[in-house]
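In case you want the letters, here they are:
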Amino acid sequence: WQEDQGRQEKDSRLMSETYEAIVSADVRTAIEDDEELFLGLWEELIADQERLGNDILLTQRTMDFFAHMFRSYVQGIIEGVVVFGAFDNAVLMWGKAGELPWDSRLGKWANGWGTYVRPEYQKQGWSKKIREEGKRHLRLMGFETLLGGPFHKNDIGRESWIRFGARPHQELLLVDLR
């Protein structure tokens, strides 16, 4: 009995150490050569959200827009950041989306375009790791607020954003004019 308990404690300790190693693994910011990797992961993100019935469509126009945003952030044309998980298993893109033509209580704000972790790496701390790195970069750029969140019906994403410290802010309503 004691031998089994000792083995279980050892297994538990190894699992904990493995988890800590994964969570503490490095993340990296994107470079220009990462565009193909980014677009592949971003396509997975959009396809995943499309399966949930969300509005964004996986079209050439959509991918061209996100490719443009990627290049703009990586080249420093627009303030923003793209972060990858250490095993190219996750991606985040946050940054300026444009200027509002009015003053706001939000201060300098960034748009949270998306955070995606491949399914086989979910529930291992990758979302938190890339978000913390993204937050660090935004703070260095002087951003005060991040606007973003999961698409409708993405309950896992919603829970993850709340754990990250997000809170509800105003509500968008849709009126179909077709």
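This report concerns the structure included in the present document. (Residues numbered from 1 in each chain as written. Predicted model: local features only at pLDDT ≥ 70, side-chain atom pairs only at ≥ 80, totals over all residues. Heavy atoms only, no water.)

Comments concerning the overall build of the protein
Here is step 1 of the chain: When its secondary structure is counted, the protein shows five helices and five strands.
Here is step 2 of the chain: Starting at the N terminus, the α and β elements of the protein follow one another as α-β-α-α-β-β-β-α-β-α.
Here is step 3 of the chain: The proportion of buried residues among the 178 residues of the protein is 31%.
Here is step 4 of the chain: Within the protein, counting contacts between residues at least 6 apart in sequence, those at least 24 apart form 65% of the total.
Here is step 5 of the chain: Looking at the protein as shown, the accessible area adds up to about 12100 Å², and 51% of this sits on carbon and sulfur atoms. (Helix = DSSP H or I, 4+ residues; strand = E, 2+ residues; numbered from the N terminus. Buried < 20%, exposed > 50% of the residue type's maximum accessible area, 1.4 Å probe, protein only. Contact = heavy atoms within 4.5 Å. Areas by Shrake-Rupley, 256 points an atom, 1.4 Å probe, with all protein chains shown as cover.)

Comments concerning the packing of aromatic side chains
Here is step 1 of the chain: Counted by the stated rule, this structure contains ten aromatic pairs.
Here is step 2 of the chain: Taking 5.3 Å as the distance between ring centres and 65° as the angle between the ring planes, the aromatic pair formed by Phe-65 and Trp-113 counts as edge-to-face. Placement of the pair is Phe-65 in helix H3 (residues 60–74) and Trp-113 in strand S4 (residues 109–117), with a sequence separation of 48 residues.
Here is step 3 of the chain: Ring centres of Phe-66 and Trp-113 lie 5.9 Å apart, and the angle between their planes is 85°; this geometry places the pair in the edge-to-face category. In this pair, Phe-66 sits in helix H3 while Trp-113 sits in strand S4, placing the two residues 47 residues apart along the sequence.
Here is step 4 of the chain: On the accessibility criterion, Trp-113 (21% relative accessible area) is partly exposed.
Here is step 5 of the chain: Here a set of aromatic residues connected by ring pairs shows up, and it is made of Phe-38, Trp-42, Phe-65, Phe-66, Phe-70 and Trp-113.
Here is step 6 of the chain: When the ring centre of Phe-143 is taken as origin, the NZ or CZ atom of Lys-108, which lies over that ring, is 4.7 Å away.
Here is step 7 of the chain: The ring centre of Trp-161 lies 4.6 Å from the NZ or CZ of Arg-131, which sits over that ring. (Phe/Tyr/Trp six-rings, centres within 6.5 Å; stacked < 30°, edge-to-face > 60°. Lys NZ or Arg CZ within 6 Å of the ring centre and 35° of its normal.)

Focus on the packing of helix H2 (residues 35–51) against H3
Here is step 1 of the chain: Viewed as axis vectors pointing N to C, H2 and H3 meet at an angle of 135°, and their least axial separation amounts to 10 Å. In terms of their interaxial angle, H2 and H3 are classed as oblique. The handedness of the crossing between H2 and H3 is right-handed. Residues Glu-35, Phe-38, Leu-39, Trp-42, Glu-43 and Ile-46 of H2 lie in contact with H3, whose contacting residues are Thr-62, Met-63, Phe-66, Ala-67, Phe-70 and Arg-71.
Here is step 2 of the chain: Grouping the constituent residues of the contact of H2 with H3 by class yields eight nonpolar, one polar and three charged. (Axes fitted to C-alpha atoms, helices over the stretch in contact; angles between N-to-C directions. Parallel < 35°, antiparallel > 145°, perpendicular 65-115°, else oblique. Left-handed = near helix turned anticlockwise from the far one by under 90°. Nonpolar A, V, L, I, M, F, W, Y, C, P; charged D, E, K, R; others polar.)

Notes on the environment of Leu-147
Here is step 1 of the chain: You can see Leu-147 is positioned in strand S5 (residues 145–148).
Here is step 2 of the chain: For the pair formed by Leu-147 and His-169, sequence separation is 22 residues and the distance between their alpha carbons is 8.7 Å.
Here is step 3 of the chain: Those residues in contact with Leu-147 that lie beyond four places of it in its chain are Leu-106, Trp-109, Ala-110, Asn-111, Gly-112 and His-169.

A closer look at the sheet that holds strand S1 (residues 28–29)
Here is step 1 of the chain: Read from one edge to the other, the open sheet built from five strands follows the order S1-S2-S3-S4-S5, with strand pairing classed as mixed. Since the sheet does not close on itself, it has two edges, and those belong to S1 and S5, each with one partner.
Here is step 2 of the chain: Sheet topology places strand S2 (residues 80–84) next to strand S3 (residues 90–95); five bridges connect them, and they run antiparallel. When the bridges of S3 are listed, Phe-84 appears paired with Val-91.
Here is step 3 of the chain: Against the sheet, H3 contacts S2, S3 and S4, and its axis sits at roughly 75° relative to S3.
Here is step 4 of the chain: Strands S1, S2, S3, S4 and S5 of the sheet are contacted by helix H4 (residues 126–140), whose axis makes an angle of about 25° with S3. (Pairing = 2+ DSSP bridges.)

Points about the nonpolar core
Here is step 1 of the chain: Judged by nonpolar contacts, the single largest core of 16 residues is most densely connected at Phe-38, Trp-42, Val-82, Phe-84, Val-91 and Met-93.
Here is step 2 of the chain: Taken together, the elements giving at least two residues each to this core come down to H2, H3, S2 and S3.
Here is step 3 of the chain: Val-81, Val-83, Trp-126 and Ile-130 belong to the second-largest nonpolar core, a separate cluster that totals 14 residues. (Core = buried A, V, L, I, M, F, W, Y, C linked by side-chain atoms within 4.5 Å.)

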